[in-house]
Amino acid sequence: MVVGLTGGIGSGKTTVAGFFKEKDVPVYIADDAGKRLLETSAEIREKVIALIGEEAYTGKSPNRKHIASVVFKESEKLEALNKIIHPAVAKDFENWQHKQNSAYVIYEAAILFEAGGYKKCDLNILVSANKEEKLKRLQARDQSTIEEIEARMNKQWSDERKRKLADFEIENHDLSLTRTRVDELHDIILKRGKN
Ligand SMILES: CC(C)(COP(=O)(O)OP(=O)(O)OC[C@H]1O[C@@H](n2cnc3c(N)ncnc32)[C@H](O)[C@@H]1O)[C@@H](O)C(=O)NCCC(=O)NCCS
Ligand SMILES: Nc1ncnc2c1ncn2[C@@H]1O[C@H](COP(=O)(O)OP(=O)(O)OP(=O)(O)O)[C@@H](O)[C@H]1O
């Protein structure tokens, strides 16, 4: 089984994914795969430079801050970047999935619903938190400005919209309650797998 795990920027989805990992569930993080492919795939590099310009890379390394400053301002460019990265990530995930030996795996992706990836998952979990909490966490973690964070939030669906497609929700406020909820969902997912 593939269990999709998503949540808006700063909701805590990677933290939640870590709790599943502690239970020995294999976790694939699409954001990380996207970043790795941006760095290592010559084909992607060529397409990203054609889209954003030479400034997209500094030597061999992608200049993610610059890429982000362009794509989160221009919707067409974000869509074009998604079209470059998402098929490569989907292929990479399939290769990874074949190597796992577990009742289920977690596929963590920031825009699981927006990009349609949820359709390939057997179950989908939404991690949620309120906007004030998200802003506070991200400012502490990344030293991002409110404007930078809001530019990304504006490109993502609201929790209300995502909730309609999710099978389960984890409200991530108090971390010890979040951990208990992960324990509970782990048992539910294992039971579903047996039916
Ligand atoms: C624009 C890029 C270079 C910025 O890199 P950066 O290190 O600053 O951010 P990172 O990848 O860690 O993402 C952080 C958060 O930004 C938001 N975000 C990232 N990509 C997107 C997107 N395409 N649409 C909406 N929000 C996004 C998510 O909430 C994500 O969790 C990078 O996010 C990217 O290549 N995005 C496009 C491909 C993509 O969709 N990746 C995510 C899943 S594969
Ligand atoms: N319940 C919580 N209480 C306090 N801090 C939290 C909580 N959940 C997550 N955090 C912290 O908030 C920050 C964002 O969490 P995390 O990286 O898991 O979110 P994310 O949704 O994966 O973010 P992004 O969308 O940027 O990838 C991290 O520094 C994390 O340690």
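Quick caveat: nothing in here was measured; it's all calculated off a predicted structure.

Notes on the layout of surface pockets
Here the second largest pocket defines a volume of roughly 190 Å³. Lining of the second largest pocket is provided by 13 residues; of these, Lys-134, Met-153, Trp-157, Ser-158 and Asp-159 occupy positions nearest its centre. Among the elements that take part in the lining of the second largest pocket, helix H8 (residues 159–163) stands out by supplying three residues, more than any other. Classifying every residue of the lining of the second largest pocket by side-chain character gives four nonpolar, four polar and five charged.

Quick word on the site of ligand 2
Around ligand 2, 15 residues are found, and the nearest of them are Lys-13, Thr-14, Thr-15, Arg-141 and His-173. Residue Lys-13 places a side-chain N or O atom 2.7 Å away from an oxygen atom belonging to ligand 2. Here an oxygen atom of ligand 2 and a side-chain polar atom of Thr-15 are 2.6 Å apart. For ligand 2, whose accessible area on its own is 630 Å², the fraction buried by protein is 74%. When contributions to the shell around ligand 2 are tallied by element, the ones reaching two or more residues are helix H1 (13–22) and helix H6 (131–142). For the shell around ligand 2, the residue count by class is three nonpolar, eight polar and four charged.

Quick notes on H6
Between its first and last C-alpha atoms H6 spans 16 Å; for 12 residues at 1.5 Å apiece the expected length is 16 Å, and the two agree. Along H6, the residues classified as buried are Glu-133, Lys-134, Leu-135 and Leu-138.

Re the side chain of Asp-159
As for its placement among the helices and strands, Asp-159 is situated in helix H8. Contact partners of Asp-159, with chain neighbours within four places excluded, come to Leu-126, Ser-128, Ala-129 and Lys-134.

Topic: the site of ligand 1
Ligand 1 sits among 16 residues. The nearest are Lys-35, Arg-64, Asn-82, His-86 and Gln-156. Here Asp-31 contributes a side-chain N or O atom positioned 2.8 Å from an oxygen atom of ligand 1. Contact distances for ligand 1 include 2.8 Å between a nitrogen atom and a side-chain N or O atom of Asn-82. When contributions to the shell around ligand 1 are tallied by element, the ones reaching two or more residues are helix H2 (30–40) and helix H5 (75–98). Ranked by residue count, the leading element in the shell around ligand 1 is H5, at five residues. When the residues that make up the shell around ligand 1 are grouped by side-chain class, the tally is eight nonpolar, three polar and five charged.

Parameters and conventions
- Residues numbered from 1 in each chain as written.
- Chains lettered and ligands numbered in written order.
- Predicted model: local features only at pLDDT ≥ 70, side-chain atom pairs only at ≥ 80, totals over all residues.
- Heavy atoms only, no water.
- 1 Å grid on protein atoms, 1.4 Å probe; cavity = no way out; pocket = protein on both sides within 12 Å on 5 of 7 lines; lining within 4 Å.
- Points joined across faces, edges and corners; volume = space filled by probe spheres on them.
- Helix = DSSP H or I, 4+ residues; strand = E, 2+ residues; numbered from the N terminus.
- Nonpolar A, V, L, I, M, F, W, Y, C, P; charged D, E, K, R; others polar.
- Near = heavy atom within 4 Å.
- Polar contact = N/O pair within 3.5 Å; in protein donor to acceptor, adjacent residues only side chain to side chain.
- Areas by Shrake-Rupley, 256 points an atom, 1.4 Å probe, with all protein chains shown as cover.
- Expected span 1.5 Å × (residues − 1).
- Buried < 20%, exposed > 50% of the residue type's maximum accessible area, 1.4 Å probe, protein only.
- Contact = heavy atoms within 4.5 Å.

By themselves, these figures tell us nothing about what the structure is for.
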